[in-house]
Structures are given as structure tokens and as C-alpha cells.
Amino acid sequence: MNQAVSLSAIFLFLLNLPFGQQQLHTPFEILKMLQESKIEYEIRILEEKIPPPDYSDRLTSNYWYCQDKEGKIKSEEYRIKPETQSWLDKAEQEFRNHSDRQAREYYLKALASQPEVAVIMTYIGQTYEPEGDFDQAVEWYQKALAANPADYMAHWFLADALVAKGEKERALEELTLAQIFNRNNPRMKKSREFIYKSCGLKVEDWVFNPQYKLEKTGDNQVVISAAPAWLAYAMAKALWTYEPGYAASRGKPASAGLYSREEEEALAAEYGYLSSQPPEQFKDYPDLNVLKRAIEAGKISEYVIYEVLLPQYPRLAFELPPDIIDSLKQYVLEVRIEKETAAQ
């Protein structure tokens, strides 16, 4: 049976929580709005843990590229001509047969047919790796990225080639960019584990998974079920979801699904609770532990984009300006991942 929790019982507790975010409502303010609402909000303890979402089918393609159209970055897809495709088919067959030089010749013919298709440069670079010529591989991957900085495969393969050359730190940066441009690709897991371990970093595989549910049980009744650690986040989400006029007053379009300001406010409210509790209470929630570090590092927007938005909408990365991509890379390298602790 669900255990009901009184809103008033946590009112004084939230009143004294630390909170440093500007232009976002505090946990206290959120609770006050819930209390004064015409909607009757009931809080319950979530009894069963919600399993992590599976986004493994939400992938990007290395045939996508970024293009600046009238000052806005848009994602486009390469249109391959029949002649080019014919050369690519022959190259792929030779590559599968481990005939790397012959494959390279066909890839070069494909590139001559359509020089603007950067992914072909990535494929050419790949043919050098079985021969141990990582310098040539790196050169071609860099050519591909100069033509299309969003080519996740070029970033990924470049990372592997750099590791082979002993350039672990550069490899880590390139792998991070690959993950930004294809957030859910499980095929990069082996490279990530090897590069992370080479750099003395923890290998953690988790996805943002807030533990709460909202249910409208009547015309003016809403039940908020949440794990205790996620209560502040759940209350904020209830406000955005069910409080009449609230989302619109905060600028959320009626047709929007995920909205960054909504996530920022809910996560900032959650931080207030995190800051008041011992770390041990959240040891089973890596998403909350990283959230705390992100907010303290001034990286809440990066957290929202990388952890919340990109897993659900991975193509969004193709429409982000370079400075945001760089900021996301720094978030992953400086906030999300941690050094491996020495064994006792």
C-alpha cells in the first residue's frame, strides 16, 4: 500500500534548503504553489523502482551533416548518386574480405565522384588501420571532420587511432565528441571502456532515470509518487505538468515535449534537497550524484542537454553551435567522469 506524505510535513524542511539558481523557483516556492493551488496534490512514496529507459534504437547516422542556413544550424543528409553508391558497394565488399588496399581504391573513386561526402573520407581512413598505418588513418579522419565536424564515426575511429599512437588524452576528447553526436550508440562501449581505463577513469554506464510518477486521479486531483530522493524533482514536474497556466507562463510552447527550462527548474529544485543530505543517501543514483557536481560547477544546462535531451533527441546535437558542443565536451570530461580510485 502506498504511504501518503503530507505536503505540510515537508514545508518547514524545504524552507531552509540551500538554493543558488537565479530565475528558477526554489523547492520552497514550488511547494507553496502546490499548496495554494486549486488542484489537490497528494504525495506518495514510490514503491517499485522504475527501470531505466532503453534508447538504443535512437541513433544518429554518419551520413548526416551540419549546414548553416540563414544563420541557423540545420542537419542534412548526404544524397548519394548511383555512380558513387556503386563504388561504395564495391569498396564495402573488398573491405569485408580484408582487401584493404583494393577497398581504398574504390573508396577513392567514390570520393572523386562526390567530394563533398565526408563519410567517404572516414572509410578511407579506416582502410589504413589494419595495415598499422595510424598516421594516415588519423590524417583522413581529420579531413573528414574538417568537412563534417558532426561525423560521430570519424571522431570514434580517430579516438581509436590516437590510442594506438599513445595519445590517450586526445583520444578521450575525440571519443567524448563521438558520444555527443551519437549519444546512444552501444557499439562505442568497447572503445569507451578501453580509453577510460587507459586514462585511469571510472567506467560507468548509466542513463538519467528519475524515480517518480504523476497520475491525474480526478478533475482537480493529482497523485505524485516519488522515491524520497527524487521528491523535489517530482513536485516541480507536477507543477509544470498539471498546474493551470504555469508552463505557459514560463514560456513553454503548448506543443513542446521536453523543455529545457522545465528540466532546469526541476533539477535545480532537486539540488536543494541533495545539498542537505549526506552523499551516502544517493549512492544508488549516479544521475543525482553527477547532477550535484554539475550544478556546483555551473553546468546545469550542459547536464540537461547531455543527460536529458540528447538521449531522447540525439539529432539535436547536429543543430547545436560549436561553442555549445565544446561546453558539453568539457562537462563530460570535467564533471561527469571521475578518476578511478586506487584499490585499498
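Residues numbered from 1 in each chain as written. Predicted model: local features only at pLDDT ≥ 70, side-chain atom pairs only at ≥ 80, totals over all residues. Heavy atoms only, no water.

Undergrad: Tell me about the overall build of the chain, and please be specific about residues and values.
TA: In terms of regular secondary structure, the chain is built from 15 helices and six strands. Counting every position in the chain, which comprises 344 residues, the buried fraction comes to 48%. Of the roughly 17,300 Å² of accessible surface on the chain, 48% is carried by carbon and sulfur atoms. Side chains of the chain carry 40 positive and 53 negative charges; the gap between the two charge centres is 1 Å. (Helix = DSSP H or I, 4+ residues; strand = E, 2+ residues; numbered from the N terminus. Buried < 20%, exposed > 50% of the residue type's maximum accessible area, 1.4 Å probe, protein only. Areas by Shrake-Rupley, 256 points an atom, 1.4 Å probe, with all protein chains shown as cover. Lys, Arg positive; Asp, Glu negative; His and termini not counted. Charge placed at Lys NZ, Arg CZ, Asp CG, Glu CD.)

Undergrad: So, the environment of Lys329: which residues are in play, and what are the values?
TA: Examined against the element boundaries, Lys329 turns out to sit in helix α15 (residues 322-336). Relative accessible area serves as the criterion here: at 11%, Lys329 is assigned to the buried category. Sequence separation of Lys329 and Leu175 is 154 residues, and the distance between their C-alpha atoms is 9.7 Å. With sequence-adjacent residues up to four places away left out, Lys329 is seen in contact with Glu173, Thr176, Leu177 and Ile180. (Contact = heavy atoms within 4.5 Å.)

Undergrad: So, the nonpolar core: which residues are in play, and what are the values?
TA: Core analysis: the largest hydrophobic core is formed by 108 residues, its most contacted members being Tyr107 and Ile120. When residues in this core are grouped by element, the largest group, ten residues, is from helix α7 (residues 152-164). Excluding residues that lie within four positions of it along the chain, Ile120 makes contacts with Thr84, Leu88, Tyr107, Ala110, Leu111 and Gln114. (Core = buried A, V, L, I, M, F, W, Y, C linked by side-chain atoms within 4.5 Å.)

Undergrad: Tell me about the side chain of Thr127, and name the residues and values.
TA: Its location among the elements puts Thr127 in helix α5 (residues 118-128). Of the polar contacts made by the side chain of Thr127, one reaches the side chain of Arg104; its length is 3.0 Å. For Thr127, the side chain forms a polar contact with the main-chain oxygen of Ile124, separated by 2.6 Å. (Polar contact = N/O pair within 3.5 Å; in protein donor to acceptor, adjacent residues only side chain to side chain.)

Undergrad: Outline the pairing of strand β3 (residues 64-69), listing residues and values.
TA: Strand residues, when the strand is regular, have side chains that alternate between the two faces of the sheet. One ladder, built from six bridges, connects β3 with strand β4 (residues 72-77); its direction is antiparallel. Across the sheet, Gln67 pairs through a bridge with Lys74, a residue of β4. The hairpin formed by β3 and β4 contains two residues between the paired strands, and Glu70 there has a positive phi angle of roughly 55 degrees. (Pairing = 2+ DSSP bridges.)

Undergrad: Hey, could you go over the environment of Tyr141 for me, with residue numbers and the actual values?
TA: Looking at where Tyr141 falls in the secondary structure, it is placed in helix α6 (residues 134-147). Since its relative accessible area comes to 0%, Tyr141 is described here as buried. Once the C-alpha coordinates of Tyr141 and Asp151 are considered, the two residues, ten residues apart in sequence, prove to be 9.5 Å apart. A polar atom in the side chain of Tyr141 sits 2.7 Å from the side chain of Glu129.

Undergrad: I'd love a proper account of the pattern of salt bridges, names of residues and values included.
TA: With the rule as written, the count across this model stands at 22 salt bridges. The partner of Glu42 in a salt bridge is Arg44, with the nearest N and O atoms 3.1 Å apart. In this structure, the salt-bridge partner of Lys329 is Asp326, at a minimum N-O distance of 3.6 Å. Of this pair, Lys329 and Asp326 are both found in helix α15, three residues apart, which corresponds to roughly one turn of the helix. Taken together, the shared-partner salt bridges connect Asp135, Lys165, Glu167 and Arg170 into one network. (Salt bridge = Lys/Arg side-chain N within 4 Å of Asp/Glu carboxyl O.)

Undergrad: Could you give me a rundown of the packing of aromatic side chains, with the residues and numbers involved?
TA: All told, the structure shown has 19 aromatic pairs when counted by the stated rule. Ring centres of Phe208 and Tyr303 lie 6.1 Å apart, and the angle between their planes is 85 degrees; on these two criteria the pair is classed as edge-to-face. One end of the pair, Phe208, is in the loop between α9 (189-198) and β5 (212-218); the other, Tyr303, is in helix α14 (residues 300-312), and 95 residues separate them in sequence. For the pair Phe208 and Tyr303, a shared accessibility class is recorded, and that class is buried. Taking the centre distance of 5.8 Å and the plane angle of 85 degrees together, the rings of Tyr273 and Phe282 count as edge-to-face. An identical accessibility class is assigned to Tyr273 and Phe282; each is buried. One aromatic cluster in this structure is built from Phe208, Tyr212, Trp230, Tyr233, Tyr285, Tyr303, Tyr306 and Tyr331. When the ring centre of Trp87 is taken as origin, the NZ or CZ atom of Lys109, which lies over that ring, is 5.4 Å away. (Phe/Tyr/Trp six-rings, centres within 6.5 Å; stacked < 30°, edge-to-face > 60°. Lys NZ or Arg CZ within 6 Å of the ring centre and 35° of its normal.)

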